[in-house]
Amino acid sequence: MLKYLIRRVLQMIPVFLGVTMLLFVLRAPGVLPGDPVRMITGERAISDTLRAQIVEEYGLDRSLPEQYAIYLGNLMKGDLGQSFQKSRPVVDILADKFPNTVRLALAAIVIEIIMGITAGIISAVKQYSLADVLTTLSTSILVAIPVFWLGMMLQLLFGILLKRWTGGAFYLPISGMESYQFPAWAHMILPAITLASVSTAYVARIMRSQMLEALGQDYIRTAEAKGLSRRAVIWRHAMKNAMIPVVTFIGIDLGVMMAGAILTETIFNWPGVGLEIFHAIGQRDWPVLMGGVIFIVFAVMIVNLLVDLSYAVLDPRIRYGGAAE
Amino acid sequence: MSDRDDLHHDAHDPHSHDKSRLEHGDIEDVAGHPVKDQAQLLPVPPTDEFATGGGRTLWGDAWYRLRKNKLAIAGLIWVIFIIAVTLSADLWVKPIFGDPLSMDTTVGANLQPPSADHLMGTDKLGRDVFARVVYGARISLTVGVIAVAISVAIGLIMGALSGYFGGILDTLIMRGADVFLAFPYVLFAIALIAVLGPSYRNVFIAIGILGWPSIARVFRSSILSVKENEYIDAARAMGAGHMRMIFRHIMPNAVAPIIVYGTMSIGGAIITEAALSFLGMGVQPPTPSWGLMLSDARPLMVRAPWLMLWPGFAILTTVLAFVLMGDGLRDALDVKMKD
Amino acid sequence: MSTLLEVRNLKTHFHTRDGVVKAVDGVNFSLEAGQTLAVVGESGSGKSVTALSIMRLIPESTGVIGADSDILFKGESILSMDDVSMRSIRGDRIAMIFQDPMTSLNPVYRVGRQVGESLVLHKGLKKKEADERAVELLDMVGIPHARERARDYPHQFSGGMRQRAMIAMALACDPDILIADEPTTALDVTIQAQILELMIALQERTGTAIIMITHDLGVVADMANDVMVMYAGKQVEYGTAEDVFYRPLHPYTWGLLESLPRHDVSDKGVLVPITGQPPSLINVPDGCAFHPRCPYAKEICHTTVPSLESIEDGHSSACLFSQDPSFRRDEVSPSGEVA
């Protein structure tokens with residue numbers, strides 16, 4: 001177990017170096033057209049003194065490996081640079097917004113788990129039933145739907161049309177945390193559904209195929225031969241095996257959701273890291289943009305590591321030294 | 001599809017754990033016990049010797065199976081329909097409904113609800129929404145096809161180097177693929193475009209560059225499995241060169257999974273283009289792009305809800321068509337994929 | 001001796017897309033307490049389906065047991081029982097072990113827990129008590145350091161150890177009947193012998209009746225009281241072990257015996273396999289199902305279906321020529337050795 005942990009952490013290092021190097025290269029002079037100082041300051045007029053100061057600070061006049069070392073050193077210190085729009089350290093801005101992103105991601109994960117797993121199990125256990133066909137159909141559509149459009153349609157339906165139809169008696173908040181007539185959790189309903197939509201479809205699909213696979217295994221027949229009821233066979237013997245890949249997917253997805261909420265947060269004005277990045281795009285605030293990307297990549301990698309560890313807890317074959325014989 | 005673009009991430013499980021599932025099942029099991037994975041058995045109807053005629057090739061069989069898959073055929077028909085409509089648009093959409101770029105600044109000409117003159121209404125600049133949706137298909141399909149072509153080109157080269165030569169090159173390329181896959185997809189596209197500058201061309205460059213690791217992995221594993229076959233040794237013994245080995249002996253075996261991934265990736269690329277354009281990091285106005293139209297429609301949601309209906313519907317159906325075609329091809333060509 | 005199990009005219013058919021598979025087609029036999037019945041035949045002869053029919057583990061969606069079939073356990077019809085009563089017999093009074101011990105244990109539960117599971121279910125033991133009892137059972141089947149090994153997971157066990165654990169699991173509730181479906185086929189030769197010896201020893205101790213399903217006559221030579229030979233879903237020969245081994249009546253049985261390695265007749269050390277393949281159970285040949293492979297087949301065998309006739313006391317055969325005393329192959333004798 002410890003060996004596994006150490007191996008996983010060691011495996012993270014080259015990926016992290018690769019990711020940072022890639023982002024570093026993107027703004028390195030000569031690699032891509034453009035002025036590296038602009039990449040750091042954004043597209044606003046800057047004085048020559050400021051320019052010189054930036055060249056000095058980032059070592060832009062030195063060799064590329066040296067620049068990368070400086071860049072990496074800054075990262076290690078948690079320095080993602082300075083927002084030129086807000087005159088604040090990027091890491092502070094992101095840290096302020098991060099809890100909102102996590103909150104939304106967790107809400108979405110709850111929806112994903114409940115809806116996705118239930119749908120997947122039902123359609124596997126009752127294969128070819130109406131419920132199965134409906135699940136398959138709706139997951140295909142959900143996979144193809146653009147989330148930002150789904151979000152807008154939900155806003156239209158629940159925020160505007162529902163309000164109109166019920167004479168303003170009932171509707172859901174469609175914009176993040178600004179109206180006080182709703183409790184905080186209510187603001188999360190529509191964005192969380194939107195954010196969860198695609199993943200729910202994937203969870204349902206994976207759960208279905210995993211359950212079908214598990215139900216066809218020999219140990220299921222062994223369990224039936226013991227006299228266990230169909231329910232016990234499904235819940236005790238098939239579920240635990242089928243859940244392993246699903247849990248992995250959900251765990252990785254948690255990271256992906258934190259990372260990818262940019263569209264959902266934009267649609268619903270949800271004050272998270274994604275919305276901050278969206279604003280940074282509009283304002284050409286490159287330090288916030290690039291810092292946000294690094295910040296999120298790092299968060300995703302940590303979440304993935306935790307998921308791998310939970311995987312080891314779930315699957316004894318990994319816990320006890322690798323694959324079976 | 002999402003912020004996150006799962007179509008491109010073939011590996012939700014990048015550290016695929018060896019579950020060491022032993023194959024099981026003798027003949028009696030097939031008759032006597034629930035079939036292990038019906039999903040794999042289902043899409044292969046018993047092939048009828050006469051229906052396929054004389055030439056029973058891999059592709060003949062695949063086409064036969066594909067034809068039986070109604071959803072895949074529906075997807076194919078929809079894609080052909082969209083291509084036909086958008087290519088012929090100059091002939092009939094422009095004369096009847098107007099140019100997708102021509103604004104109408106007369107009072108009351110903008111934000112019209114759908115009518116006989118304007119099937120889907122007009123936008124805030126008085127442009128015909130139907131014309132814009134039809135011309136938007138050109139953008140989406142072009143981006144989808146070119147971006148995937150770029151991904152496939154890079155992926156094939158990387159996968160070939162990696163799988164065929166192995167060794168340190170393999171390690172380097174596969175770690176590189178890990179790095180790309182570690183990035184949240186749309187975020188990386190945004191970072192790339194932030195550097196390159198937002199434009200139509202840069203959208204498909206960014207999407208194309210980001211898609212290579214999946215293709216490279218697929219191609220690499222095809223090569224590895226083919227390399228173990230004896231006929232490869234035989235060919236090598238006969239003195240076939242590297243290029244000849246790859247193109248004559250390995251490529252034909254790797255084509256099927258690449259077609260499947262490619263088809264599914266087109267759907268993913270279309271949705272990513274729409275997302276990037278929506279965020280202002282893609283196609284720039286006034287070009288009619290579905291994502292851009294949705295971005296314009298958002299502030300007008302209350303006043304003109306029809307503006308956001310059709311571009312979204314167009315994205316959904318087009319992407320769905322590619323997904324269904326991809327599913328169908330996967331089953332028809334019997335390509336094993338992680339779900 | 002009392003009759004534990006009586007199978008009357010068992011017909012188990014599967015309705016598949018390709019047609020009706022007559023996996024078991026009119027099988028009769030009975031089993032006395034403490035006795036061992038060997039069911040012998042090639043893959044696809046219906047042995048396993050017979051066993052699964054007794055357990056009522058035939059998938060209801062495709063498998064149909066004939067209306068005039070009946071299976072009596074201690075005089076009570078298993079086929080007309082409701083699910084709850086059937087479950088109280090399954091695993092408690094009639095237990096079953098399967099061919100492949102590598103896949104028959106659930107990989108995510110500890111071995112001890114799986115062995116004790118039926119005790120919790122049928123005997124109302126607490127989990128802790130069941131765990132204790134599981135240790136005793138594992139010890140009984142010869143697993144060293146049973147207390148520690150009970151806390152292991154299946155992947156930490158070798159194949160032979162897993163089959164021992166399966167036996168412990170099946171014997172947990174001290175069943176009246178143990179059905180063993182090819183319990184040694186997937187194991188190494190030396191391990192096979194150990195497992196068989198274990199089963200014989202345990203049977204002496206517990207008095208459990210055993211239905212031993214195998215394709216290998218050699219496996220059952222030492223332990224069977226009665227032998228039933230199956231071919232294409234039907235019984236072709238039935239008798240005591242001595243009758244079937246030393247005075248076999250049916251040409252198919254001759255073939256099975258001749259294909260065994262023999263140690264007693266060294267000069268005839270050539271193994272004679274039965275030529276041809278077992279028939280498809282959808283299109284069973286007309287007449288005697290064995291005629292296409294039978295070296296003695298005459299014209300009449302193509303058209304007339306032989307029924308199982310009693311030839312000598314308690315020894316019956318389904319061959320049109322078995323009545324003829326000259327149609328014998330007395331020199332056929334079993335090796336008596338485990339192959």
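Residues numbered from 1 in each chain as written. Chains lettered and ligands numbered in written order. Predicted model: local features only at pLDDT ≥ 70, side-chain atom pairs only at ≥ 80, totals over all residues. Heavy atoms only, no water.

Regarding the environment of Gln155 of chain A
Alright, step 1. Residue placement: Gln155 of chain A occurs in helix 7 (residues 147-165).
Alright, step 2. Measuring from C-alpha to C-alpha, the distance between Gln155 of chain A and Phe84 of chain A comes to 33 Å, with 71 residues separating the pair along the chain.
Alright, step 3. If sequence neighbours within four positions are ignored, Gln155 of chain A has contacts with Ile160, Ile174, Ile267 and Phe268 of chain A together with Met301 of chain B. (Helix = DSSP H or I, 4+ residues; strand = E, 2+ residues; numbered from the N terminus. Contact = heavy atoms within 4.5 Å.)

Let's talk about the confidence of the model for chain C
Alright, step 1. Of all residues in chain C, 93% have pLDDT values of 70 or greater, and the mean over the chain is 86.
Alright, step 2. Taken together, the stretch residues 333-339 of chain C has pLDDT below 50 and engages in 22 contacts with residues farther than four places along the chain or on a different chain. (pLDDT = per-residue confidence, 0-100.)

A few points about the state of the cysteines
All names here are of chain C.
Alright, step 1. Enumeration according to the criterion identifies zero disulfides over all chains in this entry.
Alright, step 2. Here Cys301 stays unpaired: no disulfide links it, and the sulfur of Cys288, its closest cysteine neighbor, is 6.0 Å away.
Alright, step 3. For Cys319, which is in no disulfide, the shortest distance to another cysteine sulfur is to Cys301 and amounts to 6.3 Å.
Alright, step 4. Judged by relative accessible area, Cys319 falls into the buried class, the value being 12%. (Disulfide = S-S within 2.5 Å. Buried < 20%, exposed > 50% of the residue type's maximum accessible area, 1.4 Å probe, protein only.)

Observations regarding helix 13 (residues 290-297) of chain B
Side chains that are three or four residues apart share a direction in an α-helix, a result of its 3.6 residues per turn.
Alright, step 1. When you tally the buried positions in helix 13 of chain B, you get six out of eight residues, the bulk of the element.
Alright, step 2. Among the structural elements, helix 7 of chain A together with helix 6 (129-165), helix 12 (242-278) and helix 14 (306-333) of chain B are those in contact with the buried residues of helix 13 of chain B.

Focus on the packing of aromatic side chains
Alright, step 1. Applying the stated criterion across every chain, the model contains 16 aromatic pairs over all chains.
Alright, step 2. An angle of 35° between the planes, with centres 6.2 Å apart, marks the rings of Tyr202 of chain A and Phe249 of chain A as tilted. Highlighted residues: Tyr202 of chain A in helix 8 (residues 184-215) and Phe249 of chain A in helix 10 (residues 230-260), separated in sequence by 47 residues.
Alright, step 3. Overall, Tyr202 of chain A belongs to the buried group, its relative accessible area being 7%.
Alright, step 4. Taking the relative accessible area as the measure of exposure, Phe249 of chain A reaches 4% and is therefore buried.
Alright, step 5. Between Tyr164 of chain B and Phe165 of chain B, the ring centres sit 5.0 Å apart and the planes meet at 90°, which makes this aromatic pair edge-to-face.
Alright, step 6. Classification of Tyr164 of chain B as buried rests on a relative accessible area of 7%.
Alright, step 7. Grouping aromatic residues by their ring pairs yields a cluster made of Trp254, Tyr296, Phe321 and Phe327 of chain C. (Phe/Tyr/Trp six-rings, centres within 6.5 Å; stacked < 30°, edge-to-face > 60°.)

A closer look at the pairing of strand 12 (residues 309-312) of chain C
Residue and element names in this part refer to chain C.
Alright, step 1. One ladder, built from three bridges, connects strand 12 with strand 13 (residues 315-317); its direction is antiparallel. The partner of Glu312 across the bridge, within strand 13, is His315.
Alright, step 2. Between strand 12 and strand 13, which pair antiparallel and follow one another directly, the connecting turn spans two residues, one of which, Gly314, has a positive phi of 75°. (Pairing = 2+ DSSP bridges.)

Some remarks on the packing of helix 12 of chain B against helix 13 of chain B
Geometry of a packed helix pair, given as the angle between the helix axes and the separation of the axes.
All names here are of chain B.
Alright, step 1. Direction vectors running N to C along helix 12 and helix 13 enclose 40°, while the axes themselves pass 7 Å from each other. It follows from the interaxial angle that helix 12 and helix 13 lie oblique. Two packed elements cross with a definite hand, and for helix 12 against helix 13 that hand is right-handed. Facing Ala274, Ser277 and Phe278 of helix 12, the residues of helix 13 in contact are Gly291, Leu292, Leu294 and Ser295.
Alright, step 2. Class assignment for the residues of the contact of helix 12 with helix 13 results in four nonpolar, three polar and no charged. (Axes fitted to C-alpha atoms, helices over the stretch in contact; angles between N-to-C directions. Parallel < 35°, antiparallel > 145°, perpendicular 65-115°, else oblique. Left-handed = near helix turned anticlockwise from the far one by under 90°. Nonpolar A, V, L, I, M, F, W, Y, C, P; charged D, E, K, R; others polar.)

Looking at the sheet that holds strand 3 (residues 36-40) of chain C
Residues and elements named next belong to chain C.
Alright, step 1. Taking strand neighbours across the sheet as the criterion, the eight strands line up as 7-8-9-3-10-11-13-12 in an open arrangement whose pairing is mixed. This sheet does not close on itself; its edge strands, each paired only once, are strand 7 (94-97) and strand 12. Strand after strand, the sheet turns through a mean of 20° between neighbouring axes, direction not considered.
Alright, step 2. Of the strand pairs in this sheet, strand 3 and strand 10 (residues 226-231) are connected by four bridges, and their pairing is parallel. Looking at the pairing, Ala38 lines up with Val227 of strand 10.
Alright, step 3. With respect to the sheet, helix 1 (residues 47-55) is in contact with strand 3, strand 7, strand 8 (177-181), strand 9 (209-214) and strand 10, its orientation differing from that of strand 7 by roughly 145°.

Points about unusual backbone geometry
Alright, step 1. Here the bond from Pro285 of chain B into Pro286 of chain B is cis, since omega is 5°, no more than 30 degrees from zero.
Alright, step 2. Tracing the backbone shows Pro286 of chain B in the loop between helix 12 and helix 13.
Alright, step 3. The phi dihedral of Asn9 of chain C falls on the positive side, at around 50°, and the residue is not glycine.
Alright, step 4. Inspection of the secondary structure puts Asn9 of chain C in strand 1 (residues 3-16).
Alright, step 5. Judged by relative accessible area, Asn9 of chain C falls into the partly exposed class, the value being 24%.
Alright, step 6. You will see that Asp174 of chain C, though not glycine, has its phi angle at about 55°, which is positive.
Alright, step 7. Structurally, Asp174 of chain C can be placed in the loop between helix 6 (159-171) and strand 8.

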